Structures are given as C-alpha cells and as structure tokens.
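Each chain, letter by letter, is given below.
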Amino acid sequence: QVQLVESGGGLVQPGESLRLSCAVSRNIFSIYTMGWYRQAPGKQRELVAAVTSGGMTDYADSVQGRFTISRDAAKNTVFLQMNSLKPEDTAVYLCNAANLRGYPPRNYWGQGTQVIVSS
C-alpha cells in the first residue's frame, strides 16, 4: 500500500510562487511515475506535471516554463515548484503515483491541497 499526503497549498496573489510537497509512505520512485494533477471547479482533472522512474518529465502546455516537478528520494517526497502563478492556476492539486507496467497495474492518489491565486 502507498499513501500520498500533499501539503504547501494556500492563497497567493498573481505573480507569486508556491512549492507543493507530496510525502510518500515508502520509496517507490524507481518503479513508479509520479505526477501532479489539478482539478478546478467545473472542470475535469488534468495532468500538470509528471516524472517517470527514469527521470523523464512532462508538463502541461499551460504551465511549461513556470512549474517544475522534482523528487527527493532520501525524503520520499515529490515537489511541484510553481512560479509566476496566475488566477487560472486556482485548483485542488493532487499527487499521483502510477505503475501501469506492473501486474496488476497500480495507481494511488493523495487527497489534494488547495491553491488559490487571487488579487
């Protein structure tokens, strides 16, 4: 069983920065893809950023150049550095761990942390 706990959300003004953290109950980075998703009111959940077990990263076009996903294996923690925040970044951000190449495939979710960008 894998447990994910997000933290670091809050209320900020446009242009400011936040760093989200996802604490993982055990070290799974060698076999799992770690991702950050977000869900805004009235919208579908979307992938924001992901990093594979091999270190490959992927970002949504809307956050490219502003957000950075990273991992600290010693702390079993995944980070999402969010710079130059915009009102449209307002959402609940959720941490995800996926091993779709395993048998059976495994997929875990955190409960989410709220980010509000408002002037």
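For the structure itself, consult the block above.
Residues numbered from 1 in each chain as written. Predicted model: local features only at pLDDT ≥ 70, side-chain atom pairs only at ≥ 80, totals over all residues. Heavy atoms only, no water.

(A) Region of interest: the overall build of the protein chain. Assigned secondary structure in the protein chain consists of zero helices and 11 strands. Ordered by position from N to C terminus, the α and β elements of the protein chain give β-β-β-β-β-β-β-β-β-β-β. Overall, the protein chain is about 45 × 30 × 25 Å in size when its C-alpha atoms are taken along their principal axes. Considering the protein chain as a whole, with its 119 residues, one finds that 40% of them fall into the buried category. In the protein chain, 53% of the contacts between residues at least 6 apart in sequence involve partners at least 24 apart. The averaged location of the 8 negative side-chain charges in the protein chain is 8 Å from the averaged location of its 11 positive side-chain charges. (Helix = DSSP H or I, 4+ residues; strand = E, 2+ residues; numbered from the N terminus. Buried < 20%, exposed > 50% of the residue type's maximum accessible area, 1.4 Å probe, protein only. Contact = heavy atoms within 4.5 Å. Lys, Arg positive; Asp, Glu negative; His and termini not counted. Charge placed at Lys NZ, Arg CZ, Asp CG, Glu CD.)

(B) Highlighting the packing of aromatic side chains. Summed over the entire model, instances satisfying the criterion amount to two aromatic pairs. Taking 6.2 Å as the distance between ring centres and 40 degrees as the angle between the ring planes, the aromatic pair formed by Y32 and Y108 counts as tilted. Taken together, the residues span a long stretch of sequence, with Y32 in the loop between β3 (18-24) and β4 (33-39) and Y108 in strand β10 (residues 106-109) at a distance of 76 residues. The class for Y108 is buried, based on a relative accessible area of 11%. (Phe/Tyr/Trp six-rings, centres within 6.5 Å; stacked < 30°, edge-to-face > 60°.)

(C) Inspection of unusual backbone geometry at higher detail. Here the bond from Y103 into P104 is cis, since omega is -5 degrees, no more than 30 degrees from zero. Even without being glycine, S84 reaches a positive phi, approximately 50 degrees. Mapped onto the secondary structure, S84 falls in the loop between β8 (77-82) and β9 (91-99).

(D) Representation of the sheet that holds strand β1 (residues 4-7). Read across the sheet, four strands follow the order β1-β3-β8-β7 without closing on themselves; strand pairing throughout is antiparallel. This sheet does not close on itself; its edge strands, each paired only once, are β1 and β7 (67-72). Averaged over all pairs of adjacent strands, the angle between their axes in this sheet comes to 15 degrees, without regard to strand direction. Two strands pair when backbone bridges link them, and β1 and β3 are joined in this way by four bridges, in the antiparallel orientation. Following the sheet pairing, L4 is matched in β3 by V24. (Pairing = 2+ DSSP bridges. Axes fitted to C-alpha atoms, helices over the stretch in contact; angles between N-to-C directions.)

(E) Looking closely at the nonpolar core. Membership of the largest hydrophobic core comes to 32 residues, with the highest contact counts inside it found for L4, M34, W36, L80, M82 and Y93. At the level of elements, β3, β4, β5 (46-51), β7, β8, β9 and β11 (113-117) are the ones that each hand at least two residues to this core. Ignoring sequence-local partners within four residues, the contact set of L4 consists of C22, A23, V24, M34, C95, N96, A97, Y108, W109, G110 and Q111. (Core = buried A, V, L, I, M, F, W, Y, C linked by side-chain atoms within 4.5 Å.)

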